Amino acid sequence: MKKIAIIGRPNVGKSSLFNRLVKKRDAITSEQAGTTRDVKRRTAVIINKEVQLLDTGGLDKGCELFDKIKEMSLKAAYKADIILYMVDGKGLPEEEDKKLFYELQAMGKDMALVVNKIDNDKMKEKLWEYYEFGTDAIFGISVAHNRNTVELIDWIASKVPDSDIIKEEDHDEETEEDDGINIIKPELSDEDFFENQAEHDEEDDGFTYWDDDEMDGVIEDDTIFGQNDKMKEFNEEDINHIKIAIIGRTNVGKSSLLNALLGEERCVVSSVAGTTIDPIDETVDYKDKQLTFVDTAGLRRRGKILGIEKYALMRTREMLENSNMALVVLDASEPFLDLDEKIAGLVDSNRLGCIIVLNKWDISKREEHDKIIEDIRDRFKFLAYAPIITLSALTHQRVDKLHDLILEINENYSQRISTSRLNEAMEKAMRRHQLPSMRGQVIRIYYATQYETRPPKIAIVMNKPKGLHFTYRRYLTNKLREAFNFTGTPVLFKAKKKGEK
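Rules used in this analysis
- Residues numbered from 1 in each chain as written.
- Predicted model: local features only at pLDDT ≥ 70, side-chain atom pairs only at ≥ 80, totals over all residues.
- Heavy atoms only, no water.
- Helix = DSSP H or I, 4+ residues; strand = E, 2+ residues; numbered from the N terminus.
- Buried < 20%, exposed > 50% of the residue type's maximum accessible area, 1.4 Å probe, protein only.
- Areas by Shrake-Rupley, 256 points an atom, 1.4 Å probe, with all protein chains shown as cover.
- Pairing = 2+ DSSP bridges.
- Axes fitted to C-alpha atoms, helices over the stretch in contact; angles between N-to-C directions.
- Polar contact = N/O pair within 3.5 Å; in protein donor to acceptor, adjacent residues only side chain to side chain.
- Salt bridge = Lys/Arg side-chain N within 4 Å of Asp/Glu carboxyl O.
- Phe/Tyr/Trp six-rings, centres within 6.5 Å; stacked < 30°, edge-to-face > 60°.
- Lys NZ or Arg CZ within 6 Å of the ring centre and 35° of its normal.
- Contact = heavy atoms within 4.5 Å.
- Parallel < 35°, antiparallel > 145°, perpendicular 65-115°, else oblique.
- Left-handed = near helix turned anticlockwise from the far one by under 90°.
- Nonpolar A, V, L, I, M, F, W, Y, C, P; charged D, E, K, R; others polar.
- Expected span 1.5 Å × (residues − 1).

How should I be thinking about the overall build of the protein chain in this particular structure?
Within the protein chain, the regular secondary structure consists of 13 helices and 15 strands. Taken across its 501 residues, the protein chain has 54% of its residues classed as buried. Summed over its atoms, the accessible surface of the protein chain is roughly 24,400 Å², and 45% of this surface lies on carbon and sulfur atoms.

Pasting the structure below:
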């Protein structure tokens, strides 16, 4: 597949042209220079020919961040087959543009000069000034007004071989001893769960009691167990494709981790907080599975979110909604913040498989390992099922272990437990602690069956669904975790009556 790189200085409209060619608003655009920082890649169809478009950051200099962006953009140009060098047609040609254009032209690739912002016929006269670049492949367009883009598209198609023509139906389908991994234990012991349980029937504990004819449906509460109707559907044929979001606050090393996982410099990394703006995704094949990693923008407290970062937050939420798993990246060299907990809460609310990644382990206080792990378990109780791995994205220490851990958790996240084995574990749990009655009403569980995976979703068929107290749900969850390997994945319950769909 031919690669087409859109290159140019900041704020000339590269991302807007990229969005126009992929026919959707994919790349974040704004008037702020430096909005695009990483190289965004998407497959597009140019007159029935499939190509890969590369949207690059602006070629500028002056600080660490812009130097890194320029370096990544030039690497993309070097790997591309076709280069579209874009300039702002509202002004006169600049010497810096000419210098960059000639440097790229020396690579010997098919190259066009795209003069953007020629918004009307009067501005067409300015186009003549740009012929001093010495190329015949020059196109005056207006991406914002969709003017004169047809000739450019025809030129691109002429440079793509006929062998890349796609059929319309195809287009429609679209090792150390201490490895730093800690597998969780049940949140609380059985005794902790049922301590003072008898008092629940007499005290007002926030649990509402219903008359007999109202006891259908699912208990309402603000925990994960009370939100089981908000479940995502998924295509079981997609089980071999794992979508993994890398999330965390700014400057914890998410982009460095993605680069380490891919084994190449795919994302711009700098000491500037908030370097990543547009989520960047990259797919690799590993042991017959497709792993798509998404490097999301670092999140800040709401009051510190500025300008284009609000779009980054929106994109991060969208990516999480479409992911199966999340790597929650924490900085082991600094104290954890309340913001870390809020970010991790997005994993809980999206019902994702999870790994807690303790990054920058090479510069942390290793002698405080147990204390750090204890602090994580105390702060992130709602992710008690998530394993913890300590690593260093910078030195690649233990990064190689992440791939296999991801596959293991995907198996747990996608597993289906037979009804017989499930009920055997449930019966054992109920023999140990009987389901408490409620105001003299006997609560019976008839059987349980798993009705969905990714994550595992279990229906408990009983006489009075709302009589299933959330403490007993937690107890059942822990007993199922003891019986089956649910490491790294939430387990969801739905209480229902017999015959209820």
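Would you mind going over the sheet that holds strand β10 (residues 325-331) with me for this structure?
In a beta sheet, neighbouring strands pair by backbone hydrogen bonds and run either parallel or antiparallel. Here 6 strands make up an open sheet; going across it, the order is β8-β9-β7-β10-β11-β12 and the pairing mixed. This sheet does not close on itself; its edge strands, each paired only once, are β8 (280-286) and β12 (388-390). Here the average twist between neighbouring strands, direction ignored, is 25°. Relative to β12, strand β11 (residues 353-359) runs parallel, the two being bridged by 3 bridges.

What am I meant to see in the environment of Asp295 here?
Along the chain, the position of Asp295 falls in strand β9 (residues 289-295). We classify Asp295 as buried; its relative accessible area is 0%. There is a polar contact of 2.6 Å between the side chain of Asp295 and the side chain of Ser255.

Help me understand the pattern of salt bridges, please; the structure alone is not making it clear to me.
Side-chain pairs of opposite charge can arise where the charged atoms are in close proximity. Taken as a whole and assessed by the stated rule, the structure comprises 18 salt bridges. The shortest N-O distance in the salt bridge between Lys287 and Asp404 comes to 2.8 Å. Residue Lys287 is located in the loop between β8 and β9, and its partner Asp404 is located in helix α11 (residues 400-414); the two are separated by 117 residues in the primary sequence. You can call Lys287 exposed: its relative accessible area is 54%.

Just to check I follow, could you spell out the packing of aromatic side chains for this structure?
For any pair of aromatic rings, the description consists of the separation of the ring centres together with the inter-plane angle of the planes. Enumeration over the complete set of coordinates arrives at 9 aromatic pairs. Look at Tyr85 and Phe101: their rings are 5.9 Å apart centre to centre, the planes differ by 80°, and that puts the pair in the edge-to-face class. Remark: Phe101 occurs in helix α3 (residues 95-105) and Tyr85 occurs in strand β4 (residues 82-88); sequence separation between them is 16 residues. Look at Tyr472 and Tyr475: their rings are 5.4 Å apart centre to centre, the planes differ by 55°, and that puts the pair in the tilted class. A residue pair is termed a helical-turn pair when its members lie 3 or 4 positions apart in one helix, as Tyr472 and Tyr475 do in helix α13 (residues 470-483) at 3 residues. Judged by its relative accessible area of 0%, Tyr472 is buried. The class of Tyr475 is buried, set by a relative accessible area of 0%. Seen from the ring of Tyr78, Lys109 lies directly overhead, with NZ or CZ sitting 5.8 Å from the centre.

Please explain the sheet that holds strand β2 (residues 40-46) as it appears in this structure.
An order of β2-β3-β1-β4-β5-β6 is seen for the 6 strands of this open sheet, with the pairing classed as mixed. Both outer strands of the open sheet, β2 and β6 (138-140), are each paired with one neighbouring strand and no more. Within the sheet, the average angular offset between the axes of one strand and its neighbour, ignoring direction, is 25°. As defined by bridge partners, β2 adjoins strand β3 (residues 49-55) across 7 bridges and the pair is classed as antiparallel. Its bridge partner being in β3, Lys40 is matched across the sheet by Asp55. Sheet contacts for helix α1 (residues 14-22): β1 (2-8), β2, β3 and β4; angle to β3, the most-contacted strand, approximately 160°. Running over the sheet, α3 touches β1, β4 and β5 (110-116) and is turned about 175° from β4.

Can you help me understand the packing of helix α12 (residues 419-432) against α13 in this one?
Two measures define how a pair of helices packs: the angle their axes make with one another and the distance between the axes. Contact geometry of α12 with α13 gives a least axis separation of 10 Å together with a crossing angle of 125°. Taken together, the axis directions place α12 and α13 in an arrangement best described as oblique. Relative to α13, the crossing made by α12 is right-handed. The residues of α13 that touch α12, namely those facing Leu422, Ala425, Met426, Ala429, Met430 and Arg432, are Tyr472, Tyr475, Leu476, Lys479, Leu480 and Ala483. Taken together, the residues of the contact of α12 with α13 break down into 10 nonpolar, no polar and 2 charged.

Would you mind showing me how to read the pairing of strand β13 (residues 445-452) here?
It is a general feature of regular strands that their side chains alternate between the two faces of the sheet. Examined bridge by bridge, β13 and strand β14 (residues 457-462) share 6 bridges and lie antiparallel to one another. Note that in β14 the partner of Thr449 across the bridge is Ala459.

Which parts of the structure should I look at to understand α11?
Think of an α-helix as 3.6 residues a turn; residues three or four steps apart then line up on the same face. The terminal C-alpha atoms of α11 lie 23 Å apart, and with 15 residues this matches the ideal 21 Å at 1.5 Å per residue to within 8%. Buried residues dominate α11, accounting for 11 of its 15 residues. Every buried residue belonging to α11 is among Lys401, Leu402, His403, Leu405, Ile406, Leu407, Ile409, Asn410, Asn412, Tyr413 and Ser414, and all of these are buried.

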